Every structure is written in C-alpha cells, then in structure tokens.
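# What the coordinates show
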Amino acid sequence: MTAAHPISPDDRPRPGLRERKKIRTREAIRSATYELIEERGYAATTIEQIADRAEVSPSTVLRYFPAKEDIVLTDELCPLLLAEFRARPVDEPWLDSLRNVLRRAIDLGIGERPEVTRLRCRLMAEIPAVRSRMLENLAGTGHLLGAAIGERAGRDPESLEVRVLTTSLVAALAEVAQYWARTGFRDDPADLADRALTVYDRGLGAENP
C-alpha cells in the first residue's frame, strides 16, 4: 500500500485573505525576533523591540504569542506531521511510521529555513525559560501523538500505557534537538531522531551509526 504525503508545501490549502494577513503578521513578528536575538542575544531582546522591528504594537505581539518563548517555539508542522502519520499504511508498525514521518518533517523544516531551525534548537539548549516552555508545549504534542498512536494500535489514547509511551517519545525528541545544538549541529538531525527511536525500540544495546 502506498501512503499519501500531506507534508508538502504545495499541497497545503491556500488560506483566505484574512488568514493570509494573520500569517504575514506572525511571520513578521518571528523574523523580527530572530534578527534581534542574533544581534543582541535572547535576554536583551524585548517585546517592545520586537514590536518596533515588526512594525506592530506590543499588544499585537502578545496577542499572537503570549510570551517571548512562544515566538521561538510555536510550530505549525505538528498538525501536518500527525496528518502524515495517519496517512501511512495501516499495516505499517507505528514506530516505523513515526520514523518515516519525523524524517520528512525534519527535512522539510530544515530545508525551508535552516538558520532558524538551528537558532531555535540552540535556544532550547541554552535558555532555561525556552526549555521550560518547550516542555509545556510538548505536553500538547504528546496528547495529539497519543491519539494517533492509540488509533493505530487499537488502544485507548488516554490509557496509562499510551500516555507513558508518548510522554517518553516527546521527551526523547526534545533531547534530540538539544543534543544537536550542544554538539555544534555536526550531525544530520533526522539521523539523530532515527537513533533516538532505535534506542527507544531496542534499548542501549542497539547498534547505532
């Protein structure tokens, strides 16, 4: 069976005018934030500076992103990743499906804006506030992932077993992002995610490249 591939910029439905304006505003805020962080550092970058650079009001920045950490961490790839997971062949082991989906998602994210991906991972590794916010956000990601895995495995997504499984998975992926940054981005992050899933599947005795 051949799976569809929802994770593709060309396949995404074109939003309406109002939504396009929101997307442009969000991207302006993000771009301003990334530029300022590169110029001044994370701690020295303020919401007021971001608003001024993005040519919006501080209240607009906070309406789109409740905290500075959210500007760095918010990621629209999560729903697409889950759609891709559900589109994989139903007879494919769920861990293999996740492995394939993660590789596609990582390749897409890095391919679009590699410098931003590296900056985000570096901030996760270096800034405690960003790392703390990331762990909060991952709780929601784990819930969505649990629903998808539960469907595939025929298990209650709210069962203890599925919750333990997904919580440990998202923690592993968070560690992949930080490890990639701490080691100077020398490895392919998709390969690192694959290694993490191999350890998850087989334990510390697994042979990794």
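Relevant structure appears above.
So, here's what we can say about the structure. Not measured: the values here are computed from a predicted model.

Reading guide: rules and limits
Residues numbered from 1 in each chain as written. Predicted model: local features only at pLDDT ≥ 70, side-chain atom pairs only at ≥ 80, totals over all residues. Heavy atoms only, no water. Helix = DSSP H or I, 4+ residues; strand = E, 2+ residues; numbered from the N terminus. Buried < 20%, exposed > 50% of the residue type's maximum accessible area, 1.4 Å probe, protein only. Salt bridge = Lys/Arg side-chain N within 4 Å of Asp/Glu carboxyl O. Phe/Tyr/Trp six-rings, centres within 6.5 Å; stacked < 30°, edge-to-face > 60°. Lys NZ or Arg CZ within 6 Å of the ring centre and 35° of its normal.

## A word on the environment of Arg 118
Within the secondary structure, Arg 118 is located in helix 7 (residues 114–126). Given a relative accessible area of 33%, Arg 118 falls into the partly exposed group. Considering only alpha carbons, one finds Arg 118 and Phe 185, 67 residues apart in sequence, at a separation of 7.6 Å.

## Here we look at the pattern of salt bridges
The full count for this structure, using the stated rule, is 15 salt bridges. Between Arg 53 and Glu 39 there is a salt bridge; the shortest N-O distance is 3.0 Å. Linking Arg 53 in helix 2 (residues 47–54) with Glu 39 in helix 1 (residues 17–40), this pair joins segments that are 14 residues apart in sequence. For Arg 53, a relative accessible area of 32% gives the class partly exposed. The shortest N-O distance in the salt bridge between Arg 133 and Glu 136 comes to 3.5 Å. Of this pair, Arg 133 and Glu 136 both sit in helix 8 (residues 128–153), three residues apart, which is roughly one turn of that helix. Classification of Glu 136 as partly exposed rests on a relative accessible area of 49%.

## Quick notes on the packing of aromatic side chains
Enumeration according to the criterion identifies one aromatic pair in this entry. Judged by centre distance (4.8 Å) and plane angle (85°), the ring pair of Trp 180 and Phe 185 falls under edge-to-face. Just above the ring of Tyr 42 sits the side chain of Lys 68; from NZ or CZ to the centre is 4.2 Å. The side chain of Arg 152 reaches across the aromatic face of Phe 85, ending 5.0 Å from its centre.

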